[in-house]
Amino acid sequence: MACGTALVYDEEMMSYKLLWDDPECSIEVPERLSSSYKRLQDYDLVKRCIQLPVREATDEEITLVHSHDYLQVVKSTQTMNEKELKEISQKYTAVFYHQNSFRCAKLSLGGTLQLVDAILTREVQNGMAIVRPPGHHSQRNQGNGFCVFNNVAIAAEYAKKKYKLERILIVDWDVHHGQGIQYIFEEDPSVLYFSWHRYEHKTFWPYLRESDYDVIGRGKGTGFNINLPWNKVGMGNADYIAAFFHVLLPLAFEFNPELVLVSAGYDSAIGDPEGRMCATPECFSHLTNMLMNLAGGKLCAVLEGGYNLRSLAESVCMTVRTLLGDPLPRLTGEMTPCHSALESIQNVRAAHTPYWKCLLYNEIKSAHDPSSEGDSQHSSDQQQNFDTAMFDIFLDSHMKKIEFAVPPLRTCAVLPEGCCLALPDGVLVEEKTATREHIIACSSSLPNELLEKETMLATLGKMLVILNKLLEYQTMNSIVLSPDSSVCATFAIKHVLASPVKRLLCINIGDLGILHEFDNDGEYVCLNICGTYPTGMSNRQIYLKWTESPNEYSSFFYIIFCCILPLAYNYQPDFIIITTGSNRTIGDKDISLLISLLQGLANGRILTIIPETEPKLGQKLVKCLSDSPGEKHFGPHRAPSLENIQNLKEKLDIIEKEWKMLQCSAS
Ligand code: Q9C
Ligand code: ZN
């Protein structure tokens, strides 16, 4: 079984640089690599990765995408003098060549292909290549935007050819449009290309009409090119996360890729002089985590841009840390996407509506007109007077506040007597139990007769031990197989609310009897997903109806991205309790996917409570919670039913005023 995270790095790729004065190219410096690597070492991340050596890419590999003529040009730069190098560079746009450019470009591409091989031969689960020159701007016949060979595009062609892959997703989170990748796959439905980019209505480099949202691919590739132009600077965490929920992820899950390639540019992070955006380094942990749930976790991140050395290094570390499976740092700040971001998101959704089943019901959405909302204009003013030193000071204090703690235990389990789950590494079965008096003291909210059952007391006793471990962050997450989910959940909710935890999120799947009577007067957020529900509902006690037909592919990803995750990210809980009850209308795989994605929140602090009569579900969830290798196979999916969508949109109408991350689709 594939496990482990690979890291590709070689300092030889620092052996080229800009030789003359050119303000347009001066930011692409060798230190981009060393400062990223140094930071990875500082955080002890390098030694936790499997280091892969780079190699030179072959002519045959380079010409998977580039012309022989262009290859000859790059080859010829090896023996040029400075004057000739400058002349040849000026034939292209925003790119510079050096005597070592060809060698480094071959290592950069070869390193990327080494990573693809390691992932697709299952030597590793995922990985990152810290390479330069970058690739996503380069085209069949030319270099462009610091890029010599198109590493990620060639990686996709290579994977198609060598491993017979039929569906590859490329996510380009660099702040520039990877027009090179777009041109290469424009007519190719086997590669889904997503790029967001600073655009400002075509006034930002590379100033292309074809970077706009309505350029969606051609011929057989129509619908497989997704452009999300940012028309303002200052986009932040909420905007990026909203773009993932409302554009990329639903389409990516419907596409069901066999491999995810990330054009991982960090000029989209805060402090970058090119991007002038505001997303903090932790945001990249969350983007990475969400993509790790596609393609069975086969994710290959390849460095592109990123010119603020501090921000770049921290963001690279966040990506690698997440690939390794560490708990994610929490996102801070107001989770409200700005008006301009919502407009771009709506535009690209509308442009793709004819091509994706999950967007089919776009127009059913109640009219939400973002122009009527006066709030959430961004800090673009702050971005007008750009001052690198100011961002360094910000970043210093910001990084100090981030919690990197990894709890000593990953998963604690409470299992009934005689239950035999196959327990993966990192799972501890709780044997300690709290005293009868202690349990009773903590159960004032429960009817006494419930505590009379010996098995119930035994479960609550162990759960109490686990709850305290969770609250002290001695364990990251936990699972309880219980004789009665609703009793356990009620007990757990009370206990957590009595602790310093400020924001508790409960997600109940199926019927949970007494929980429905347990009054939630706004102390926490409770999301119920069931087949039937009461009529009353508030912003904090939410009832959603969603029914999956068994024996069919599932469409649950739809409600996850359009509702559950936006709400959860909006709320930013400190603690999550997930409970399943009887008559659930959601399958085992769907609950696994949900839990896998929710682990991005609350530092992964999740308590899962399921009925002891469901050991098969327990087995799946324990693997998912403990991050067992090879467990993230969730696809393929199907389109949601009209009935489910209608039920959902009715409810969304009520709560989207409070939960700004829900606002998404076209009116
Ligand atoms: N101030 C990459 O990030 N210069 N390439 C634009 C506008 C070109 C970026 C000048 C930027 C190229 C890989
Ligand atoms: Zn860039």
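If you're wondering where the values come from, they're calculated on a predicted model, not measured in any experiment.

S.K.: Mind showing me how you'd approach the overall build of the protein chain here?
M.R.: Per the secondary structure count, the protein chain includes 20 helices and 16 strands. At 25 Å, the protein chain has a C-alpha radius of gyration in line with the 26 Å of a compact globule built from 667 residues. For the protein chain, with 667 residues in total, the buried portion stands at 65%. Looking at the protein chain alone, contacts between residues at least 24 apart form 80% of all its contacts between residues at least 6 apart. For the protein chain, the computed accessible surface area is about 23,400 Å², with 50% contributed by carbon and sulfur atoms.

S.K.: Mind showing me how you'd approach empty space enclosed by the protein here?
M.R.: Any empty space left between atoms is shown by rolling a water-sized probe over those atoms. For the structure on display, the rule yields 5 cavities of 30 Å³ or more. Residue composition of the lining of the largest cavity, grouped by class: 5 nonpolar, 6 polar and 4 charged. Formed jointly, the lining of the largest cavity draws a minimum of three residues from each of two domains, domain 1 (5-65 + 100-326 + 336-401) and domain 2 (409-636).

S.K.: What's the story with the layout of surface pockets in this structure? I'm lost.
M.R.: Taken as a whole, the largest pocket encloses approximately 510 Å³ of empty space. Around the largest pocket sit 25 residues that line it, and Leu323, Leu324, Gly325, Asp627 and Pro629 are the ones nearest its centre. Split by residue class, the lining of the largest pocket holds 8 nonpolar, 10 polar and 7 charged. Among the domains, domain 1 (5-65 + 100-326 + 336-401) and domain 2 (409-636) are the pair contributing at least three residues each to the lining of the largest pocket.

S.K.: Looking at this structure, how should I read the coordination of the zinc ion (ligand 2)?
M.R.: Every protein donor of the zinc ion (ligand 2) is listed here as Asp174 (OD), Asp174 (OD), His176 (ND1) and Asp267 (OD), and their distances to the metal cover 2.0 to 2.6 Å. Taken in chain order, the donor set of the zinc ion (ligand 2) reads D-x1-H-x90-D. Within this pair, whereas His176 is found in the loop between strand S4 (168-172) and helix H7 (179-185), its partner Asp267 is found in the loop between strand S7 (259-264) and helix H9 (281-291), the two being separated by 91 residues in sequence. Residue Asp267 is classed as buried on the basis of its relative accessible area, which comes to 0%.

S.K.: How should the packing of aromatic side chains be read in this particular structure?
M.R.: Think of a pair of aromatic rings as described by two things: how far the centres are apart, and how the planes are tilted against each other in angle. Under the criterion given, the structure shown has 24 aromatic pairs. With 5.9 Å between their ring centres and 90° between their planes, Tyr571 and Trp659 make a pair best called edge-to-face. In this pair, Tyr571 is assigned in helix H17 (residues 556-571) and Trp659 in the segment after helix H20 (642-655), connecting sequence segments 88 residues apart. Each member of the aromatic cluster is reached from another via a ring pair, and the members are Tyr70, Tyr92, Tyr97, Phe102 and Phe149.

S.K.: Is there a simple way to think about the packing of H9 against helix H10 (residues 309-323) in this case?
M.R.: For any two helices packed against each other, the geometry is given by the interaxial angle and the distance between the axes. Between H9 and H10, the least distance of the axes is 8 Å, while the angle of their chain directions is 30°. Remark: the crossing between H9 and H10 carries right-handed chirality. When H9 is examined against H10, the residues Pro281, Glu282, Phe284, Ser285, Thr288 and Asn289 are found in contact with a partner set consisting of Glu314, Ser315, Met318, Thr319, Thr322 and Leu323. Classifying every residue of the contact of H9 with H10 gives 4 nonpolar, 6 polar and 2 charged.

S.K.: What's the story with the domain arrangement of the protein chain in this structure? I'm lost.
M.R.: Many analyses report the size of an interface as the accessible area lost when the parts associate. Here the protein chain is described as being made up of domain 1 (5-65 + 100-326 + 336-401) and domain 2 (409-636). Counting residues at the interface gives 18 residues for domain 1 and 19 residues for domain 2. Three residues stand out in domain 1 for area buried against domain 2, namely Phe245, Phe253 and Asn293, and they jointly supply 34% of the buried area on that side. Scanning the region where domain 1 abuts domain 2 turns up 0 salt bridges. If you list the elements that add at least two residues to the side of domain 1 that touches domain 2, you get helix H8 (237-255) and H9. It is H8 that contributes the most residues to the side of domain 1 that touches domain 2, 7 residues altogether. Tallied by class, residues from the side of domain 1 that touches domain 2 come to 8 nonpolar, 9 polar and 1 charged.

S.K.: In this structure, what is going on with the side chain of Thr319? I would like to understand it.
M.R.: Here Thr319 shows up in helix H10. The exposure class of Thr319 is buried, given its relative accessible area of 0%. The residues touching Thr319, leaving out its near neighbours within four places in the chain, are Met128, Trp173, Tyr266, Phe284 and Thr288.

S.K.: Even after reading the chapter, I still don't get the pattern of salt bridges, so can you show me in this structure?
M.R.: One side chain can pair with another of opposite charge once the charged atoms of both are near each other. Applying the stated criterion to the full structure yields 32 salt bridges. For the salt bridge of Glu430 with Lys469, the shortest nitrogen-to-oxygen distance reads 2.6 Å. Taken together, the residues span a long stretch of sequence, with Glu430 in the loop between strand S10 (427-429) and helix H14 (436-441) and Lys469 in helix H15 (residues 454-471) at a distance of 39 residues. Across the pair, exposure class does not vary: Glu430 and Lys469 are buried alike. Of the charged contacts in the structure, one is a salt bridge between Glu548 and Arg638, with a shortest N-O distance of 3.3 Å. Placement of Glu548 in the loop between strand S14 (541-545) and H17 and of Arg638 in the loop between helix H19 (615-625) and H20 is noted, with a sequence separation of 90 residues between them. Taking the relative accessible area as the measure of exposure, Glu548 reaches 10% and is therefore buried. Connected through shared salt-bridge partners, Lys38, Arg39, Asp42, Arg310, Glu314 and Asp396 make up one network.

S.K.: For this particular structure, what's the right way to read the sheet that holds strand S2 (residues 50-52)?
M.R.: Sheet strands pair by backbone hydrogen bonding; their relative direction is either parallel or antiparallel. On the basis of which strands lie adjacent, the open sheet formed by 8 strands has the order S2-S1-S3-S8-S7-S4-S5-S6 and parallel pairing. At either end of the open sheet lies a strand with only one pairing partner, and these are S2 and strand S6 (225-230). If you compare each strand with its neighbour and ignore which way they point, the axes differ by 15° on average. Bridge analysis of strand S1 (residues 5-8) against strand S3 (residues 126-129) gives 4 bridges, and the strand direction is parallel. Bridging from a neighbouring strand, Val8 pairs with Ala129 of S3. Each of S4, strand S5 (191-198), S7 and strand S8 (299-303) is contacted by helix H6 (residues 151-163), which is oriented at about 170° to S7, the strand it contacts most. Seen against the sheet, H8 touches S4, S5 and S6 and runs at an angle of roughly 170° to S5.

Scoring rules and cut-offs
Residues numbered from 1 in each chain as written. Chains lettered and ligands numbered in written order. Predicted model: local features only at pLDDT ≥ 70, side-chain atom pairs only at ≥ 80, totals over all residues. Heavy atoms only, no water. Helix = DSSP H or I, 4+ residues; strand = E, 2+ residues; numbered from the N terminus. Rg over C-alpha atoms; globule rule 2.2 N^0.38 Å. Buried < 20%, exposed > 50% of the residue type's maximum accessible area, 1.4 Å probe, protein only. Contact = heavy atoms within 4.5 Å. Areas by Shrake-Rupley, 256 points an atom, 1.4 Å probe, with all protein chains shown as cover. 1 Å grid on protein atoms, 1.4 Å probe; cavity = no way out; pocket = protein on both sides within 12 Å on 5 of 7 lines; lining within 4 Å. Points joined across faces, edges and corners; volume = space filled by probe spheres on them. Nonpolar A, V, L, I, M, F, W, Y, C, P; charged D, E, K, R; others polar. Domains from an automatic or database assignment. Donors = N, O, S within 2.8 Å, 3.2 Å for Na, K, Ca; no water. Phe/Tyr/Trp six-rings, centres within 6.5 Å; stacked < 30°, edge-to-face > 60°. Axes fitted to C-alpha atoms, helices over the stretch in contact; angles between N-to-C directions. Left-handed = near helix turned anticlockwise from the far one by under 90°. Buried area = accessible area lost by both parts, 1.4 Å probe. Salt bridge = Lys/Arg side-chain N within 4 Å of Asp/Glu carboxyl O. Pairing = 2+ DSSP bridges.

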